[in-house]
Amino acid sequence: MTVEQAVASAAPVREEDGLILDVRELTKEFVLHNIDGRSVSGLSGVSFRLSAGEHIALAGTSGAGKSSLLRAIYRTYKPTTGNIFFTLEDGNTIDLVGLSDQEVTMLRGRQIGYVSQFLRAQPRRSALDLVTRAGVYRGMGRDEARDMAATSLRRLNIGEHLWDVHVSVLSGGEKQRVNLAAGLMSPPRLLLLDEPVSALDPENRESAIDLIAELSQSGVAVLAVFHDLDAISRLATRIIVLEKGTVTRSGPTDHILPSLTVGDVQP
Amino acid sequence: MRGPSPIPTPDPVLTVNGLGKIYGRDDAGTIDRTGSDAGSARDPITGAIVAAWDVNFEVAAGEAIGIVGESGSGKSTVLRCIAGDLEATSGDVRLSTHMEGRSNVLLADPATRRRMRIDQLSVVYQDPSEGLALSVTAGGNIADPLTAAGVRSFAKIRERASELLSRTEVPLNRMDDIVRNFSGGMRQRVQIARALANKPRILLLDEPTTGLDASVAAGVLDLIRGLLEELDLAAVVVSHDFSVIEMLTNRCIVMHHGRVVESALTDQLLEDPHHPYSQRLVSAARA
């Protein structure tokens, strides 16, 4: 599909909606060529909409497709069928499914942020450098990015004595906070969070949760996977429950939350 | 064809289209009888080796693309055809630095191609003896491309050589030692310094850390990554090592028996490889 077709087939987006993400019938099948060519279903027809300032928490048992959905939207997984309409900064709507790899690269870190529970790749950098680069990547000047990186790191209680230390030697919780600081630099329009607070001690967890809440208030659309109900109750405006790769229930947090069990938020 | 995209992407500095390299006698059926599906790069009828065929990609400034695949997959062949070390059998390669990309450099005469290597496009080889004169000093190796570019002042050459050696973290007191007496990692740093002497826009890296000890390789990789970011280079990284590709590139292509079997975002290739060969390669690397 060309970009024009993607734009044309998208529903007209009314400005006042503030619609950021419109996922329609998204499926993901993994074909395992080297294990007798079998096919494993990750997502089988997921649809939902997410607007600016909204925070949707994904719930569901282990293997329900929560992380797969985040990865498919970020294009770490290549969706099999369906559409992921995303509203750009300039108001244009594009289908992330049909974008070229270069176009995806341009959106990542600039308009779409992703923070996972693990710090992937690039461990041989200092914390300050890693967070600063996230800002530079998003188009900030180096000095401006550095100042903001310092603010974010302070905000997440990463002491200055750790700023020039290689991230690889930091503790799990410190890494996760550095990762979060990098993901939050110059907030994207859409933030995908995969268990961003799971390795944090209570105090650091609080500052991370406050920061995520502030981002939502500033208009960032958040789609998140948490594995505790407390974080969901404090951050989410809506909950989508997945089961075997499809949405089984969704609604405002206070409607859905009472019916969730610990089993619904297992990694 | 795609229309104009609402997401502007930077113009390519290097564009490769339909690049191919065949050794030996081929005929009209050779291409069909070789490649990933055929299971070999060698034509069973004519004996021709199709080392690379129909390779396409483009790279913008500040971007690095990876070429992965096992030994013999054709990845170094592609790099060497672009660099002019090997004569391509077919294809179209354009550099934005050469006649603003209006001319296929594969058709340029040898003298023009040599000039491109002075200040537009550089190569860092796995084996430093390919990119350096081992019996010459570190400073002399860097002076070579500078004089080729017309720098005559001895003081200027020394100044630029020291600048490059400090940037690549080679102790300045080794500048007048011959390269043969350097360690593997240090030779690689000198090779990188020499490659960057005349500020090329394109850097081709062929297994730049293969054969180095893990800790030394990590240091050289850090250096390369820093340089790619800082100098806004368009880079092509050939490696069989996914950790190198993951660290340096955003996008990559996978080659198998001379053909590109998959092109993908690097994280996508690692998490969701599609082609059977890519899946084998990734699962072997992750084991």
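Look above for the structure.
Overview of the structure. (Residues numbered from 1 in each chain as written. Chains lettered and ligands numbered in written order. Predicted model: local features only at pLDDT ≥ 70, side-chain atom pairs only at ≥ 80, totals over all residues. Heavy atoms only, no water.)

**Points about the overall build of chain A**
On a plain count of helices and strands, chain A comes out with nine helices and ten strands. Taking 267 residues into account, the globule formula puts the C-alpha radius of gyration at 18 Å, and chain A, at 18 Å, falls close to it. Taken over the C-alpha atoms alone, chain A extends approximately 50 × 45 × 45 Å along its principal axes. Put simply, chain A has 267 residues, and 52% of those count as buried. Residue pairs in contact within chain A that sit at least 24 positions apart in sequence constitute 67% of those at least 6 positions apart. With the model as given, the accessible surface of chain A reaches about 11000 Å², and the carbon-plus-sulfur share is 51%. Side chains of chain A carry 28 positive and 33 negative charges; the gap between the two charge centres is 5 Å. (Helix = DSSP H or I, 4+ residues; strand = E, 2+ residues; numbered from the N terminus. Rg over C-alpha atoms; globule rule 2.2 N^0.38 Å. Buried < 20%, exposed > 50% of the residue type's maximum accessible area, 1.4 Å probe, protein only. Contact = heavy atoms within 4.5 Å. Areas by Shrake-Rupley, 256 points an atom, 1.4 Å probe, with all protein chains shown as cover. Lys, Arg positive; Asp, Glu negative; His and termini not counted. Charge placed at Lys NZ, Arg CZ, Asp CG, Glu CD.)

**Concerning the packing of aromatic side chains**
Residues and elements named next belong to chain A. Across all of its chains, the model carries two aromatic pairs over all chains by this definition. Ring centres of phenylalanine 30 and tyrosine 77 lie 5.0 Å apart, and the angle between their planes is 85°; on these two criteria the pair is classed as edge-to-face. Here tyrosine 77 lies in the loop between helix H2 (66-74) and strand E4 (81-87) and phenylalanine 30 lies in strand E1 (residues 19-32), a separation of 47 residues in the sequence. Of the two residues, phenylalanine 30 and tyrosine 77, both sit in the buried class. Note on tyrosine 74 and tyrosine 114: the rings are 4.8 Å apart at their centroids and 20° apart in plane angle, and the pair reads as stacked. Of this pair, tyrosine 74 sits in helix H2 while tyrosine 114 sits in strand E6 (residues 112-115); the two residues are 40 residues apart in sequence, bridging distant segments of the chain. Accessibility expressed as a relative area gives 15% for tyrosine 74, which makes it buried. The side chain of lysine 28 reaches across the aromatic face of phenylalanine 30, ending 4.9 Å from its centre. (Phe/Tyr/Trp six-rings, centres within 6.5 Å; stacked < 30°, edge-to-face > 60°. Lys NZ or Arg CZ within 6 Å of the ring centre and 35° of its normal.)

**So, the nonpolar core**
Ranked by size, the top nonpolar core spans 51 residues in total, and within it Ile142, Leu165, Val190, Ile192, Leu203, Leu228 and Leu269 of chain B carry the most contacts. Considering each element in turn, this core owes the most residues, seven residues, to helix H7 (residues 214-231) of chain B. In this structure, leucine 269 of chain B is in contact with Val68, Phe242, Cys252, Val254, Glu262, Ala264, Ser278 and Val282 of chain B, ignoring residues within four places of it in sequence. Of all hydrophobic cores here, the second largest spans 46 residues; its members include Val167, Ala208, Ile212 and Val241 of chain A. (Core = buried A, V, L, I, M, F, W, Y, C linked by side-chain atoms within 4.5 Å.)

**Re the side chain of serine 103 of chain B**
All names here are of chain B. Along the chain, serine 103 falls in the loop between strand E4 (90-95) and helix H2 (110-119). Judged by relative accessible area, serine 103 falls into the buried class, the value being 18%. Each residue touching serine 103, except ones within four places of it in the same chain, is listed here: Val93, Arg94 and His98.

**Here we look at helix H7 (residues 202-217) of chain A**
Residues and elements named next belong to chain A. Taking 1.5 Å per residue, 16 residues should reach 22 Å; H7 reaches 23 Å between its end C-alpha atoms and fits that length. Taken as a whole, H7 has its buried residues at Asn204, Arg205, Ser207, Ala208, Ile209, Leu211, Ile212, Leu215 and Ser216. Of the surrounding elements, those touching the buried residues of H7 are strand E3 (55-59), helix H5 (142-155), helix H6 (172-184), strand E7 (190-194), strand E8 (221-225) and helix H8 (229-235). Immediately downstream of H7, the backbone of glycine 219 shows phi near 110°, a positive value. (Expected span 1.5 Å × (residues − 1).)

**Quick look at the sheet that holds E1 of chain A**
Residues and elements named next belong to chain A. Taken in spatial order, the four strands of this open sheet run E2-E1-E4-E5, and their pairing is antiparallel. Two strands close off the open sheet at either side, each with one partner strand: strand E2 (38-51) and strand E5 (93-95). Going from strand to strand, the sheet's axes swing by 20° on average, the running direction of each strand aside. Both E4 and E5 contribute to a ladder of three bridges, which runs antiparallel. Bridge pairing in E5 links phenylalanine 85 to aspartate 95. Running over the sheet, H2 touches E1, E2 and E4 and is turned about 75° from E2. (Pairing = 2+ DSSP bridges. Axes fitted to C-alpha atoms, helices over the stretch in contact; angles between N-to-C directions.)

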